[in-house]
Amino acid sequence: MVGYDPEAKCVSTVEAAIAGSASGLVTRVLISPLDVIKIRFQLQIEQLSSRNPEAKYHGILQAVQRIFQEEGLVAFWKGHVPAQFLSVGYGAVQFMAFESLTKLVHNFTSYSARDSFVHFVCGGLAACTATVAVQPVDTLRTRFAAQGEPKVYRSLRHAVVTMYQTEGPLTFYRGLTPTIVAVFPYAGLQFSFYNILQQFSEWVVPGEGRKGGNVTNLVCGSCAGIISKTLTYPFDVFKKRLQVGGFEQARAAFGQVRTYRGLLDCIRHILREEGPSGFFKGLSPSLLKAAASTGLVFFWYELFCSLLCALKSTDSATRKEG
């Protein structure tokens with residue numbers, strides 16, 4: 001169902017956008033706590049270890065307990081409003097672009113729309129398109145998730161106005177370079193591995209004996225998310241560090257802060273001060289998030305597409321009877 005299928009011809013571009021936005025909305029509600037923990041880990045300069053007395057966060061369970069004690073349950077959904085705009089917008093643009101690109105490849109080239117390499121290229125291009133469209137919202141989401149108490153930004157409107165007046169319009173695109181560099185292979189690998197794993201499941205289990213298609217979608221999506229996130233994770237760390245530039249005063253309660261002049265400066269500082277392991281800070285919650293979010297996104301997308309197809313079939317049958 002993911003990608004253009006010349007045999008099915010069931011989901012239009014608009015319907016793909018609707019299914020993509022709906023899957024993003026539902027998934028975001030479920031995985032927001034992991035996202036907050038991941039961002040806190042990525043932004044911490046100190047080593048993530050209980051042996052380091054200066055480190056605010058040591059591990060996932062300790063971070064959950066500390067955030068809950070200091071900021072309450074709602075802290076796990078900090079920045080949820082801009083995050084929902086991000087998920088809905090990103091899901092709509094990404095899947096709409098992916099369906100359109102795979103259809104274009106099928107109709108105007110010799111490649112098949114079901115080819116894994118096609119899914120890699122089209123998935124990467126679709127994600128880049130979606131990233132540019134929602135990058136300002138992603139920056140806002142990161143700022144909200146990163147701030148402690150007392151809050152610097154009282155509301156979404158206050159954040160937009162303050163950032164624009166004090167830092168200029170380009171601040172909404174902080175971290176765009178590492179994001180674009182990372183998102184193409186990350187999303188490309190997601191779509192290609194999901195396609196490969198789906199084909200593998202069809203080869204292992206013959207069509208007549210295949211049951212639980214939704215569970216298969218969830219498992220294949222989760223595995224694809226883990227593989228792609230591990231291979232491209234350092235760029236996510238660079239992006240988060242750059243996005244909170246100019247926001248240092250709100251990070252004082254979390255430990256050391258740094259200001260980076262750009263992507264290369266960020267890489268040099270992390271390598272010199274934190275070592276190679278600094279590139280993978282927050283990997284554990286990030287892998288949990290990647291497994292959950294990618295699996296759920298593909299699961300919900302396939303499910304919503306199936307529902308839309310079923311509604312169209314029912315409507316078509318009703319019209320024929322009438």
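No experiment lies behind these values; they were computed from the predicted model shown.

Criteria and thresholds
Residues numbered from 1 in each chain as written. Predicted model: local features only at pLDDT ≥ 70, side-chain atom pairs only at ≥ 80, totals over all residues. Heavy atoms only, no water. Axes fitted to C-alpha atoms, helices over the stretch in contact; angles between N-to-C directions. Helix = DSSP H or I, 4+ residues; strand = E, 2+ residues; numbered from the N terminus. Parallel < 35°, antiparallel > 145°, perpendicular 65-115°, else oblique. Left-handed = near helix turned anticlockwise from the far one by under 90°. Contact = heavy atoms within 4.5 Å. Nonpolar A, V, L, I, M, F, W, Y, C, P; charged D, E, K, R; others polar. pLDDT = per-residue confidence, 0-100. Salt bridge = Lys/Arg side-chain N within 4 Å of Asp/Glu carboxyl O. Buried < 20%, exposed > 50% of the residue type's maximum accessible area, 1.4 Å probe, protein only.

S.K.: Can you walk me through the packing of helix α3 (residues 80–108) against helix α6 (residues 176–204) in this structure?
M.R.: Any two packed helices are characterised by the angle at which their axes cross and by the distance between the axes. Look at α3 against α6: their axes get within 13 Å of each other, and the N-to-C directions meet at 65°. Considering their axes alone, α3 and α6 lie roughly perpendicular with respect to each other. Crossing of α3 against α6: the hand is right-handed. Contacts between α3 and α6 involve Tyr90, Gln94, Phe95 and Phe98 on the former and, on the latter, Val183, Ala187 and Phe191. In terms of residue class, the contact of α3 with α6 is made up of six nonpolar, one polar and no charged.

S.K.: Where do I start with the confidence of the model for the protein chain in this structure?
M.R.: If pLDDT is low for a region, its predicted coordinates should not be looked at in detail. The predicted model of the protein chain averages 84 in pLDDT, with 89% of residues at 70 or higher. Averaged pLDDT values over the elements of the protein chain bottom out at 83 in helix α9 (residues 283–321) and peak at 91 in helix α2 (residues 60–71).

S.K.: Please clarify how the pattern of salt bridges should be interpreted in this entry.
M.R.: Side chains that differ in sign of charge can pair as their charged atoms come close. If you walk through the whole model with that rule in mind, you get 18 salt bridges. The shortest N-O distance in the salt bridge between Lys281 and Glu274 comes to 2.8 Å. With respect to burial, Lys281 and Glu274 carry one shared label: buried. When salt bridges that share partners are traced, they join Arg28, Asp35, Lys38, Asp138, Lys229, Asp236, Lys239, Lys240 and Lys289 into one network.

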